Every structure is written in structure tokens, then in C-alpha cells.
Amino acid sequence: VVSSVRAELARGGQVFYVVPRIEAINREVLTLQRLIPELKISFAYGGIRDLEQRIVDFALGKVDLMVSTTIMENGIDIPNVNTIIVQDTQLF
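This text gives an overview of the structure that appears in the document. (Residues numbered from 1 in each chain as written. Predicted model: local features only at pLDDT ≥ 70, side-chain atom pairs only at ≥ 80, totals over all residues. Heavy atoms only, no water.)

1. Digging into the overall build of the protein chain
Each helix and strand in the protein chain was counted, giving three helices and four strands. Burial statistics for the protein chain: of 92 residues in total, 37% are counted as buried. Taking contacts inside the protein chain between residues at least 6 apart in sequence as the whole, the part at least 24 apart equals 67%. Carbon and sulfur atoms provide 50% of the accessible area of the protein chain, an area that totals close to 5300 Å². (Helix = DSSP H or I, 4+ residues; strand = E, 2+ residues; numbered from the N terminus. Buried < 20%, exposed > 50% of the residue type's maximum accessible area, 1.4 Å probe, protein only. Contact = heavy atoms within 4.5 Å. Areas by Shrake-Rupley, 256 points an atom, 1.4 Å probe, with all protein chains shown as cover.)

2. Section: the nonpolar core
Soluble globular proteins: nonpolar side chains tend toward being buried together. Counting 13 residues, the largest nonpolar core has Val5, Tyr17, Val19, Leu32, Leu39, Leu65 and Val67 as its most contacted members. When residues of this core are traced back to their parent elements, those giving at least two are β1 (14-18), α2 (25-35) and β3 (65-68). For this core, the element with the highest residue contribution is α2, accounting for three residues. With residues up to four places along the chain from it excluded, the contact list for valine 67 reads Tyr17, Val19, Ile25, Glu28, Val29, Leu32, Ile41, Ser42, Phe43 and Ala44. (Core = buried A, V, L, I, M, F, W, Y, C linked by side-chain atoms within 4.5 Å.)

Coordinates in, geometry out; function isn't part of it.
The following block contains the structure:
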């Protein structure tokens, strides 16, 4: 995961990091912050109060990696995102 994220950032891209459940978001954000401290991370899921602003910030490149539930990978086109990492695929 770390090498994939670093490779995407090195080419100037961004990453979607998809988790199966809202409860997993905080754990993954903390882990990624520890492993890649320079990473600008945000998170999103359906029902979060400022969801639209988080998506806009990500689309504008203010965020390197977006940890989210499947809400983000469905129907959102952000041209700078070429990497989608799906964590715990067996839980989907």
C-alpha cells in the first residue's frame, strides 16, 4: 500500500482508499498518517456533514488521499485519481 501511494504521489496523482465500513476509516487514517507522514489525508462517507466540501477539496488537489466508504468510488470522476486501493475486499 505504501509503495503504491508513494508511486501515485510521485507522478502527481491522488489516491482513493476505500474501506468497507465507516468504523474502519479512523483506523486507516491513523495508520496511513503514521506510515506516510507527509501525506495530506481526508476522509468521507455518506451522512458526514461536510461531505460536499471534502469532495471539492479532493477534486481541487488539496488532499493527496481520500479514505472513504464505497460512496466515493461510485460515480465521482476526478481525473487526477488513477489509483484506488480497496481494503478488506472480503468484507464487501
